[in-house]
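Geometric and topological summary
As a plain string of letters, each chain reads:
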Amino acid sequence: MVKENAPLDIERNLGNFAYPETHTHDAGTGLSEKTIHYISDVKEDPDWVREFRLKALRTFLSKPMPTHWASKDLEAIVFDNIRYYLSGGTQPKRSWEDVPDDVKRTFERLGIPEQERKFLAGVEAQFDSEAVYSNIKKAVGEQGVIFVGSADGLKHHPEIFRKWFGKVIPTGDNKFSALNSAVFSGGSFIYVPPGVKVKHPLQAYFRINAENFGQFERTLIIVDEGAELTYMEGCTAPKFNTATLHSAVVELVAMKGAKLQYITVQNWSNNVFNLVTKRGLAHEEAEVKWIDCNIGSRLTMKYPGVVMKGRKARGEVLSIALAGDGQHQDTGAKMVHAADETTSNIISKSISIGTGRATYRGLVHIPKHLKNCKNNTECDALLINASSRTDTYPAITVRGTGNSVQHEASVSQVSAEQIFYMQQRGLTEAQAMSLSVNGFVNDLVRQFPMEYSVELKRLIELEMEGSVG
Amino acid sequence: MDQLIIQDLHVSIAEQEIIRGLSLAVPKGEVHAIMGPNGSGKSTLAKVLAGHPDYAVTSGSVLMDGENVLELAPDERARQGLFMAFQYPSEIPGVTIANFLRAAVQARLPEGEELEATDYYAQLYKKMDLLDMDRSFTSRSVNEGFSGGEKKRNEILQMAMLNPKYAVLDETDSGLDIDALKVVAHGVNSLRGPNLGVLLITHYQRLLNYIVPDQVHVMVRGRIELSGGKDLALQLEEKGYDWVRDDISEPALA
Ligand SMILES: Nc1ncnc2c1ncn2[C@@H]1O[C@H](COP(=O)(O)OP(=O)(O)OP(=O)(O)O)[C@@H](O)[C@H]1O
Ligand SMILES: [Mg+2]
C-alpha cells in the first residue's frame, strides 16, 4: 500500500494561501469610532444598532484582556493590524485549477460534496445552496420558520430580534464578546414558532456567502414554546484564506419545553485565534445542547454555556478538541443553574498530538437556595506523544443541600503495546493510531449526525497520518 | 518446500541476551509445539518474529517462505501472512471487534478495493460460530473487560478471519477452562491444513492431546535444547525440565 504523505500538515501551511482580492467595502485596519460608523453606513444599520455598536466599542476598549485564565499567547494579537470589515466585490479572480493539489485531495478524502469544495477553497464567493437545499428551505418556510442572515433579522424582524439580541450574552461579558458586538457582521438569525418541530437539521450552508465565514459572525436562535431545532455550523474541511482572528458570538434561547441542539465542527488553519462566546438560555423544561468539535487553530478559547433559568431545564455540552502540533485548545463548558430541578451534563474529550496542548475549563454554578439540581462532568484526555500536554481546571461551586455534582476526569496515553498489537493485525502505525483515537472519542461521536461523524473519522485519520513518522 | 526458518537467532533486550542462538524450522502444513520453563524466552521469540520494536536482533535470520522477515515492519509481516496470538492481548477501548477486524481484513485488500460488508459479516459470524462465541461480542470493544478465556478465544477468532500462512500462538491455552480449551483446539484444528504452519507455545501437555503436534521442541535459556515427536511432551510432563537441563552438556552453560 502506498502511504500518502501527510496532507493536512502540508495544507495547513498552504492554509495561508491567499489570492489578491479587491473589496468594494473595506474598513481598513484598526478600530475606532470611525470604523464603527463605516460599518454601520455600509450595512445601513438602524440607529439602535449603530448605538449598540458604539457602546460596545467603548466597553471593548475599557476591558482588559482576559489574562487571568487565558494563555499568554493572546498577547500576540495586534488589534491595530486587523481589518474589521470587508465586503462586496469579491468576484474571485481565481479558478479551481489554481487550488493546490494537496488541498483538492484533502477535500476528496474528507468526502466534501463537490459543490461545496469550490466555496471552501475560496474559488467561489457564493455557495449556490439554493439548488441543493431548496426543498428543505421551502419546507421550513411553510412551517413559519424564519431563517435569514443576522443583518436581515435585525432589519426585518426587529420585534423578535431586539427582544433577545445581546440578552443571553451581554456586550460586556468578556473583551471578545464586546469586540464582536462592536463590529459584527454575518451569522444567522433563526426563529422557530411554538410547537414547530423542524425535522431536518438546518445548516449554515443553506445561506452561505463570504460574509458568513467572516471573522465576527453573530448568531441568534430562538426556539419558541414546545418547538424543536437542530442547527449545524462549520464543516471538517480546513478553512482557507481566513483572517487570523475569529471572534463570534452565538446566543440561543429555548422557551418553555423547547429543544435546541447546536452542532459545530470546525477545522481552522493553524494561524487562527478562535475566540468564541456561546451561550444558551433554557426556560422551564427546555433543553439546550451544544455539540462542539474543535480542530486546528493556533489558540481556541471556547466554553459553550447554558443558563438554566426555568424549573427542570436541561443543559448539555459534548465537546471534542483535537490539539495538533503547536496548537492550544482551551475549551470547556459553563453551566449556570438558576432554578430548581435543573440538570446539566458535560462530557469533554480532548486529544493532544505532538506539542499540542488541550485545556479543559469547566464552571458549574448551583446557588444555595436551589433544590434538586444535578450536574455530571466527565473529562477525558488522550495524549499521543510524550511532548503532548493536557490540563484540567474545573471550577465547581455548589451550595446548599439536595444538589448533586459528579465529576470524573481521566488522562490516558496511547500505549506502544496497543499500537504493536494492532500492527500485528496488519494495520499501519498511522491506521492503528487513528483507530485508537477514534475509539477514544467513539461514544461521543455516536451522538453526532451521521455525516459529521463520518467526516470526523476521516479527519482524525488524516491527522494521525501526519503525526507518525 | 515453504517454511518458516529461524537460523542462529540472537536477541537482546537492555543489554541482556535472551535468545541465544536459536534455530528452528516450521514447514507449512505442520504444527510445532514449543515448551520450556518460565523465563526461557518463548514469548520473546514470538514477539521478535512479529517485529516488536523493544527487542534487538543482534544476529541470525528469519525467513518466511524464503523472504527475510526481519527487514519488514510489524504490519508488513502481518500482511504477508504472519500471525501472533498474544499471551497478554491489549485492550483497545472504544473500538469494536467488528470494526477492528474489518480494518484488519481491509488492510489486506489491494489498494482501492473496498471490503464488501455483507460478505465480511457472513464470514465473521461463521468463524464466531466455530468458536462458540456469542454474536454480541462483535459490538464489544476489543478485549476491554474480557475474561482471560474470552481474550484467548478472541485471538483465535482473529486468526481465523485473517488466514495467516504462519501462526505463533503464545500460551493460548492458559486461562482456559476445559470446555473452552476444547473449543479453541477445535478452532485451531479446523484451520490446520497444507497452507498453514503453526508454532504453539504452551506449558501443558494437555493442549497437545487436542492439538496434536508434528514436533515438540524444548526451549531452555534461549535455545532449543531438545526436539522430538509428540511423545516428548509426555516425557516432559513426567520428568520435568530438569531432565532436559541435566541433559544439556556443560560446555553449553559456560
Ligand atoms: N521488555 C523486557 N525488559 C526486560 N526483560 C525482559 C523483557 N522482556 C522479556 N524479558 C526477560 O526475558 C526473559 C524471557 O522472557 P519471556 O517472556 O520471553 O519468557 P517466557 O519463556 O515466555 O516465560 P513464560 O513461560 O513465563 O511466559 C525473562 O527473564 C524476562 O524477564
Ligand atoms: Mg511467555
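Here's what I pulled together on the structure shown here. (Residues numbered from 1 in each chain as written. Chains lettered and ligands numbered in written order. Predicted model: local features only at pLDDT ≥ 70, side-chain atom pairs only at ≥ 80, totals over all residues. Heavy atoms only, no water.)

Observations concerning the interface of chain B and chain A
Contact with chain B, which involves 33 residues of that partner, is made by 17 residues of chain A. Between chain B and chain A, roughly 2,100 Å² of surface is buried when both sides are summed, and carbon and sulfur atoms account for 60% of that area. At the junction of chain B and chain A, the tally comes to 1 salt bridge. Between B:Glu155 and A:Arg425 there is a salt bridge whose closest N-O contact spans 2.6 Å. In this assembly, chain B and chain A are joined by 15 residue pairs in polar contact (both at pLDDT 80 or more). Going through the elements one at a time, α1 (42-50), α2 (74-79), β6 (82-85), β7 (92-96), α3 (97-106) and α5 (148-162) of chain B are the ones with two or more residues in the side of chain B that touches chain A. Here the residues of the side of chain B that touches chain A are counted per class, giving 19 nonpolar, 6 polar and 8 charged. (Contact = heavy atoms within 4.5 Å. Buried area = accessible area lost by both parts, 1.4 Å probe. Salt bridge = Lys/Arg side-chain N within 4 Å of Asp/Glu carboxyl O. Polar contact = N/O pair within 3.5 Å; in protein donor to acceptor, adjacent residues only side chain to side chain. Helix = DSSP H or I, 4+ residues; strand = E, 2+ residues; numbered from the N terminus. Nonpolar A, V, L, I, M, F, W, Y, C, P; charged D, E, K, R; others polar.)

Quick look at the sheet that holds strand β3 (residues 31-35) of chain B
Residue and element names in this part refer to chain B. Strand order in the open sheet formed by 6 strands is β6-β9-β10-β3-β11-β12, and the pairing between neighbours is mixed. Among the strands making up the open sheet, the edge pair consists of β6 and β12 (223-228). Strand-to-strand twist across the sheet, computed as the mean angle between neighbouring axes with direction ignored, equals 20°. In this sheet, strand β10 (residues 197-201) lies alongside β3 in parallel orientation, the contact comprising 4 bridges. (Pairing = 2+ DSSP bridges. Axes fitted to C-alpha atoms, helices over the stretch in contact; angles between N-to-C directions.)

Focus: the pattern of salt bridges
Counting across every chain of the model gives 25 salt bridges over all chains. B:Arg135 is the salt-bridge partner of B:Asp129, the closest N and O atoms lying 3.0 Å from each other. Owing to a relative accessible area of 46%, B:Asp129 belongs among the partly exposed residues under this scheme. Shared partners join several salt bridges into a network, and the residues in it are A:Glu233, A:Lys278, A:Asp292 and A:Lys302. (Buried < 20%, exposed > 50% of the residue type's maximum accessible area, 1.4 Å probe, protein only.)

Quick notes on the side chain of A:Ser188
Turning to its location among the elements, A:Ser188 is positioned in strand β4 (residues 188-192). Residue class for A:Ser188 comes out buried when judged on its relative accessible area of 1%.

What to know about the coordination of the magnesium ion (ligand 2)
Residue and element names in this part refer to chain B. At the metal site, the magnesium ion (ligand 2) is ligated by Ser43 (OG) and Gln87 (OE1), and these contacts range over 1.9 to 2.2 Å. With Ser43 in helix α1 and Gln87 in the loop between β6 and β7, this residue pair connects regions lying 44 residues apart in the sequence. For Gln87, a relative accessible area of 16% puts it in the buried group. (Donors = N, O, S within 2.8 Å, 3.2 Å for Na, K, Ca; no water.)

Quick look at the environment of B:Ile97
Residue and element names in this part refer to chain B. In this structure, Ile97 sits in helix α3. Considering only alpha carbons, one finds Ile97 and Leu124, 27 residues apart in sequence, at a separation of 10 Å. Those residues in contact with Ile97 that sit more than four places away from it in its chain are Tyr120, Phe137, Thr138, Arg140, Val142, Phe146, Asn154 and Leu157.

What about the site of ligand 1?
Residues and elements named next belong to chain B. Gly39, Lys42, Ser43, Thr44 and His203 are the nearest of the 14 residues found near ligand 1. Contacts to ligand 1 include Ser40, whose backbone N or O atom sits 3.3 Å from an oxygen atom. Within the complex, the protein chains bury 63% of what would otherwise be the 630 Å² of accessible surface of ligand 1. Per-element accounting of the shell around ligand 1 gives the leading share, 3 residues, to α1. (Near = heavy atom within 4 Å. Areas by Shrake-Rupley, 256 points an atom, 1.4 Å probe, with all protein chains shown as cover.)

Focus on the pairing of β3(B)
Residues and elements named next belong to chain B. Along β3, 5 of the 5 residues are buried, which leaves the element largely enclosed by surrounding structure. Neither face of β3 is open: one carries Val31, Ala33 and Met35, the other His32 and Ile34, and all of them are buried. The sheet contact formed by β3 and strand β11 (residues 215-220) spans 4 bridges and is parallel. In the strand pairing of β11, Ile34 is matched with His217.

A closer look at the sheet that holds strand β12 (residues 287-296) of chain A
All names here are of chain A. Reading across the sheet, the 8 strands line up as β5-β7-β10-β12-β15-β17-β19-β21 and stay open at both edges, with parallel pairing between neighbours. The sheet is open, and its two borders are formed by β5 (202-203) and β21 (404-413), each paired with just one other strand. Direction of pairing for β12 relative to strand β15 (residues 314-323): parallel, over a ladder of 9 bridges. Within β15, the residue paired with Asn294 across the bridge is Ala321. Set on the sheet, helix α11 (residues 429-445) makes contact with β15, β17 (343-352), β19 (374-383) and β21; between it and β17 the angle comes to about 160°.

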